[in-house]
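Results of the structural survey
Okay, here's what each chain looks like letter by letter:
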Amino acid sequence: MIGRREHPRIVAAYGGIYSDRAAEIMVARIVGRLLAAADQPNAQFQVTILDTSEVNAFALPGGYIYVTRGILALASDTSELAAVLAHEIAHVTLRHARARTDRTRTTEIVDRVITSVFGGDISSDATASRTRQSLAAFGQNQELEADREGIKYAGKAGYDPQAAARFLGVMSRFASFSAGSGQGTEGFLSSHPSTPARIQKAIDTASTMFGRAGLGEADRAGYLDAIAGLTFGDSPSQGSISGRRFLHPASKFTFTVPAGYTLQNSSSAVVGVAGDGEAVRFDSAEVQPNMALADYLKSGWIAGLKTDSVTSQTRNGIETASGLAQTDQWFFRVSVMRLDGQVYRFIFAAKADSPRFAQGASETLASFRRTTDSDLSSIRKVAVRIVTAQAGDSADTLARQMGALERGSELFYIINGLYPGDPVQPGERYKIVTLQ
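Please read all numbers here as calculations on a predicted model, not as lab measurements.

A closer look at the sheet that holds strand β1 (residues 46-50)
Paired through their backbone hydrogen bonds, the strands of a sheet run either parallel or antiparallel. Read from one edge to the other, the open sheet built from three strands follows the order β1-β3-β2, with strand pairing classed as mixed. The open sheet has two edge strands with one neighbour each: β1 and β2 (57-60). Sheet twist, expressed as the average angle between the axes of neighbouring strands with direction ignored, equals 15°. Bridge analysis of β1 against strand β3 (residues 64-68) gives five bridges, and the strand direction is parallel.

Topic: the environment of K298
Considering the arrangement of structural elements, one finds K298 in the loop between α12 (293-297) and β10 (305-315). Linking K298 and G323, residues 25 residues apart in sequence, is a C-alpha distance of 9.1 Å. Setting aside chain neighbours within four positions, we find K298 in contact with L305, T307 and V310.

Overview of the pairing of strand β12 (residues 331-339)
Taken across its nine residues, β12 has eight buried, putting it largely inside the fold. Taken together, the eight bridges between strand β11 (residues 318-326) and β12 define a ladder with antiparallel strand orientation. Directly across from S322, in β12, lies its bridge partner S335. Taking the residues between adjacent antiparallel strands as the criterion, β11 and β12 are bridged by four residues. Alignment of β12 against strand β13 (residues 342-350), held across nine bridges, turns out to be antiparallel.

Let's talk about the side chain of Q238
Examined against the element boundaries, Q238 turns out to sit in the loop between α11 (220-227) and β4 (240-242). At a separation of 2.9 Å, a polar atom in the side chain of Q238 contacts the main-chain carbonyl oxygen of D51. Leaving out residues up to four positions away in the same chain, Q238 has contacts with G15, D51, F246, H248 and N265.

A word on unusual backbone geometry
One non-glycine residue, D219, adopts positive backbone phi at about 50°. Inspection of the secondary structure puts D219 in the loop between α10 (196-210) and α11. On the accessibility criterion, D219 (33% relative accessible area) is partly exposed. Positioned with a positive phi, N316 is a non-glycine residue whose angle comes to about 50°. Position of N316 among the secondary structure elements: in the loop between β10 and β11. With a relative accessible area of 48%, N316 lands in the partly exposed category.

Section: the packing of helix α2 (residues 21-37) against helix α4 (residues 78-93)
Where α2 meets α4, the axes come as close as 10 Å, and the angle between the chain directions of the two elements is 55°. Comparing their axes, α4 and α2 come out oblique. For the crossing formed where α2 meets α4, the hand is right-handed. Residue-level inspection shows M26, V27, I30, V31, L34 and L35 of α2 in contact with α4, the latter providing T78, L81, A82, L85, A86 and I89. For the contact of α2 with α4, the class distribution of residues is eleven nonpolar, one polar and no charged.

Here we look at the pairing of β10
In the case of a regular strand, side chains alternate between the two sheet surfaces. Alignment of β10 against β11, held across seven bridges, turns out to be antiparallel. Within β11, the position partnered with L305 by the bridge is A325.

Some remarks on the confidence of the model for the protein chain
Residues of the protein chain with pLDDT of at least 70 account for 86%, and the chain-wide mean is 86. Segment residues 97-127: pLDDT under 50, and 96 contacts once partners within four positions in sequence are set aside and those in other chains are kept. Confidence drops under a pLDDT of 50 for residues 129-136, and excluding neighbours within four residues, the segment shows 27 contacts in the predicted structure.

Here we look at the packing of aromatic side chains
Aromatic ring pairs are described here by two measures, namely the spacing of the ring centres and the angle between the planes. All chains considered together, the criterion is met by 20 aromatic pairs. Ring geometry for F253 versus Y344: centroids 4.7 Å apart, planes at 55°, classification tilted. Of the two residues, F253 is situated in strand β6 (residues 253-256) and Y344 in strand β13; the sequence distance between them amounts to 91 residues. A relative accessible area of 8% places Y344 in the buried class. Here a set of aromatic residues connected by ring pairs shows up, and it is made of F246, F253, F255, Y261, F282, Y344, F346, F348, F357 and F368. Across from the ring centre of Y18, 5.9 Å away, lies the NZ or CZ of R69, which sits over that ring. In this structure, R345 is placed above the aromatic ring of W301, and the distance from its NZ or CZ to the ring centre is 4.6 Å.

Calculation rules
- Residues numbered from 1 in each chain as written.
- Predicted model: local features only at pLDDT ≥ 70, side-chain atom pairs only at ≥ 80, totals over all residues.
- Heavy atoms only, no water.
- Pairing = 2+ DSSP bridges.
- Helix = DSSP H or I, 4+ residues; strand = E, 2+ residues; numbered from the N terminus.
- Axes fitted to C-alpha atoms, helices over the stretch in contact; angles between N-to-C directions.
- Contact = heavy atoms within 4.5 Å.
- Buried < 20%, exposed > 50% of the residue type's maximum accessible area, 1.4 Å probe, protein only.
- Polar contact = N/O pair within 3.5 Å; in protein donor to acceptor, adjacent residues only side chain to side chain.
- Parallel < 35°, antiparallel > 145°, perpendicular 65-115°, else oblique.
- Left-handed = near helix turned anticlockwise from the far one by under 90°.
- Nonpolar A, V, L, I, M, F, W, Y, C, P; charged D, E, K, R; others polar.
- pLDDT = per-residue confidence, 0-100.
- Phe/Tyr/Trp six-rings, centres within 6.5 Å; stacked < 30°, edge-to-face > 60°.
- Lys NZ or Arg CZ within 6 Å of the ring centre and 35° of its normal.

What follows is the structure, given as structure tokens:
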């Protein structure tokens, strides 16, 4: 069965399972109501919350249903999450042939780094990528059909049928926000573009099926209770980015990339892109303990390696091997390091070699070291906190509580479905994202 077969791969590809009992109970209750509305009350299902900031949700045949903590953070009430889950359940009940592709956005240079560097031996990251690509994209007609069927399920289950249109609008705003911050629009955002026409169609569908707006349960209070404390953004267990620095608390290492690079983290690789046509990729590899790093470097996993360039050395007490590689269009500086039995890899790519490019790669490698207690104490969790509006508060005053985050005020309006200048209700609760 496809669900059982793909489950371990999906969990690995999306950063593992996020454990949050309150959120798990809430999602399971929503799914139970939706399945009853879809005339499948006896269906067995397994709900998994994936530990990733990507905004995504999907369902596979066999009762496997997935939501990411990223989509939990974006929704503002139970009916909005129900709309997402109903849409995904509809894809299964409608027997759409292929599941959805997770379209992780990368720049062209990063795509070329991946395809140019790795030869026949595909890395673990490529395996994760193939798993995500196996959730192949639905066609536009299938998406619209799932919109309509999902709104029917949600409305029959007693949820606000207009929540689908409302959340499509929030996703549209978040997609624009993410693109502006260089994060891309992965997962549900890329495969469910929230066009004005689609939003209007969702409004019309809900109105036709269930009548005027304001009907159905939203349950904002219960939803906010369930997601209070939810991790926001990158999980510290998967590594923490601070500017040009990456720190991994579990594996206890840190490094810093050259000025001009913007880092992005996933469960299997850290990728940095510079505006002048350069990129760096950092990941790990399975290497036999008795295999010398220089031999591993020469073992064929890199295209165009210049074997006479390979050297071995120790940096910061860490065994290291480095070399150069070149293809028709790209020049690479590659290094591998063994730390506590695990092998890590840096792959720098540029159109051509230069003293500045060489210096940047060398400085990054020199910065790779074990973490100290001071390093680890600097990591702070970013999480969703629920605050209550007081008399005299406005959306603007509450947004200022997120001022410590980059573009935090702008993010506040989006995750709460508000706009600058909007009034807020004293006693009403709102989401903010803070450092803890």
